[in-house]
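Residues per chain, in single letters:
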Amino acid sequence: MNIFDIAKETGFSIATVSRAINNSGYVSEKTRAKIMKVIEENNYSVNAFARGMATSSMSQVGIVSTDSRDIYQAESIYYLQNELKAKGYTSLLTCSGIDLKDKQQAISLLLSRNVDAIFLIGSQFIEPKARDNEYLKDAAKKVPVFLMNGALKDPNIYSIRCDDEAGSASVTRLVLENGAKNPLMIMRRRTYSSAKKMQGFEKACKEAGIDPTDRILQNGHLDGMLEGLTDLLDNREYDALVCADDALAASAIKYCLHQNLRIPEDVQITGYNNSSLSHIAIKDITSYDNRIEYLCSTAVSLMNQVFDRQEVPADSVYTGKIIERESTRKKEEKPKIKTSRAEMDEDEYLF
């Protein structure tokens, strides 16, 4: 049993149960007695309570990342833990890797520590085969599960995600509107998020009358990415590389410079996530800002609403925006037409 179960059995909110446990804030003696009775009857983890009182935290939640080296996940962890701490929660972080068995073990580990909710960072937790997602549904029978940038429909699972299809379509339209005729999308492995980005790229290409067939290349590993891009792109003449993340975009810039290609004159390059890589690469990268900080704060806000038994959406979708930098061309400005003798005289004076 965890704090969520206690709240359910007693009929009180998570916040009320926490106040009773931590002796913080007003709780009537009758309410406190009812809560403590349920705790004693169900042998709730005393160690978890002691830890909560020692740190003045309301409760403890679990966070799962597949790879904390990934800059998107690293930034998500940073913002999520800061948001949780500000709201009085402690967190347990585990890095699972991408294998299904390891992800299942990570979830089991957190549940064994009596966490009151689980946050999953990234869309890698959604498996292609429906039966392989049963471990998430089983976890949601015990605690609320929050999918950050993924989607899965089931009771007590809440999805918070950026509209990656719209985001990818918008950056693809940008390079096409700025003169690209032969775009290519580069992604790593196939995930829920990358599939949405691929759909956005294909949509924008079709709108421009470009056949998207054979315009998506996959390079699965960060190590040796430059060599991988060389193998993928040699002897192909692309004038725009739409990358599924900023690390790919930074590698694409390095590749193009090694090939003596000018950026953005010969090749336009876009990234995704608007991470720190987008403005420390050799060329500042035009990137889609999917608002990681907003994603994290929204996820924690939804958790509090669930704990307080409020009705919350099962799938929350928001949009980001393009941050234009050096790696894409600017739209050509139309020359100003002189409309008066005064303007003509002024130009002659200036030059």
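In this text, all values refer to a predicted model and were calculated from it rather than measured experimentally.

The next thing to look at is the nonpolar core. Ranked by internal contacts, the top residues of the largest apolar core, which has 70 residues, are Leu80, Leu84, Phe119, Phe146, Leu241, Ile269 and Met303. Take this core: its biggest share by element is 9 residues, from helix H12 (residues 292–307). Excluding residues that lie within four positions of it along the chain, Met303 makes contacts with Val61, Leu84, Tyr89, Ala117, Phe119 and Phe146. In terms of nonpolar packing, the next biggest core, distinct from the first, is built from 18 residues, Val64, Val115, Phe125 and Val143 among them.

To continue, consider the pattern of salt bridges. Scanning the model with the defined rule gives 9 salt bridges in all. In this structure, Glu83 and Lys87 form a salt bridge, with 2.9 Å as the shortest nitrogen-oxygen distance. A relative accessible area of 38% places Lys87 in the partly exposed class. Between Lys103 and Glu127 there is a salt bridge whose closest N-O contact spans 2.5 Å.

Taken in spatial order, the 6 strands make up an open sheet running S7-S6-S8-S9-S10-S12, and their pairing is mixed. Across the chains shown, the open sheet's two edge strands, defined by having one partner strand only, are strand S7 (216–218) and strand S12 (321–323). When the angles between neighbouring strand axes are averaged without regard to direction, this sheet yields 25°. Direction of pairing for strand S6 (residues 183–187) relative to S7: parallel, over a ladder of 3 bridges. Bridging from a neighbouring strand, Ile186 pairs with Leu217 of S7.

The next subject is the pairing of strand S10 (residues 286–289). Of the two faces of S10, both are covered, the one formed by Thr286 and Tyr288 as well as the one formed by Ser287 and Asp289. With 3 bridges joining them, strand S9 (residues 268–272) and S10 adopt parallel strand pairing. Opposite Thr270, over in S10, you have Thr286 as the bridge partner. Sheet topology places S10 next to S12; 3 bridges connect them, and they run antiparallel. Bridged to Ser287 within S12 is Ile323.

A separate point is the pairing of strand S11 (residues 315–318). Only one face of S11 is buried: it carries Ser316 and Tyr318, and the other face, with Asp315 and Val317, is open. Pairing between strand S5 (residues 157–162) and S11: 4 bridges, direction parallel. Each residue of the ladder has a partner; that of Ser159, found in S11, is Asp315.

Now for the confidence of the model for the chain. The predicted model of the chain has a mean per-residue pLDDT of 85, with 83% of residues at 70 or higher. Low pLDDT (under 50) marks residues 46–58, which in the prediction has 22 contacts with non-local residues, meaning those over four places away or in another chain. A low-confidence stretch, residues 333–351 stays under pLDDT 50, and its non-local contacts, those more than four residues away or across chains, total 5 contacts.

What follows concerns the packing of aromatic side chains. Applying the stated criterion across every chain yields a total of 6 aromatic pairs. An angle of 20° between the planes, with centres 5.1 Å apart, marks the rings of Phe119 and Phe146 as stacked. Of the two residues, Phe119 sits in strand S3 (residues 118–121) while Phe146 sits in strand S4 (residues 145–148), which places them 27 residues apart along the sequence. In this pair, the class of Phe119 matches that of Phe146, namely buried. Clustering of aromatic rings is evident, with ring pairs tying together Phe119, Phe146 and Tyr158. For Lys197, the ring lying beneath its charged end belongs to Tyr272, and the centroid distance is 4.2 Å. In this structure, Arg291 packs its charged tip against the face of Tyr294, placed 4.3 Å from the ring centre.

Across the sheet, which stays open at both edges, the 6 strands sit in the order S2-S1-S3-S4-S5-S11 with parallel pairing between neighbours. The outermost strands of the open sheet, each flanked by one partner alone, are strand S2 (89–95) and S11. Within the sheet, the average angular offset between the axes of one strand and its neighbour, ignoring direction, is 15°. Strand direction decides the pairing type here: strand S1 (residues 59–65) and S3, joined by 4 bridges, are parallel. When the bridges of S3 are listed, Gly62 appears paired with Ile118.

Bringing unusual backbone geometry into the picture now. Residue Pro264 is bonded to the preceding Ile263 through a cis peptide linkage, with omega at 10°. Residue placement: Pro264 occurs in the loop between helix H11 (246–258) and S9. Even without a glycine there, the phi angle at Asn149 is positive, about 75°. As for its position among the elements, Asn149 is in the loop between S4 and S5. A positive phi is found at Asn274, a non-glycine position, where the angle reads about 50°. Mapped onto the fold, Asn274 is located in the loop between S9 and S10.

What counts and how
- Residues numbered from 1 in each chain as written.
- Predicted model: local features only at pLDDT ≥ 70, side-chain atom pairs only at ≥ 80, totals over all residues.
- Heavy atoms only, no water.
- Core = buried A, V, L, I, M, F, W, Y, C linked by side-chain atoms within 4.5 Å.
- Buried < 20%, exposed > 50% of the residue type's maximum accessible area, 1.4 Å probe, protein only.
- Helix = DSSP H or I, 4+ residues; strand = E, 2+ residues; numbered from the N terminus.
- Contact = heavy atoms within 4.5 Å.
- Salt bridge = Lys/Arg side-chain N within 4 Å of Asp/Glu carboxyl O.
- Pairing = 2+ DSSP bridges.
- Axes fitted to C-alpha atoms, helices over the stretch in contact; angles between N-to-C directions.
- pLDDT = per-residue confidence, 0-100.
- Phe/Tyr/Trp six-rings, centres within 6.5 Å; stacked < 30°, edge-to-face > 60°.
- Lys NZ or Arg CZ within 6 Å of the ring centre and 35° of its normal.

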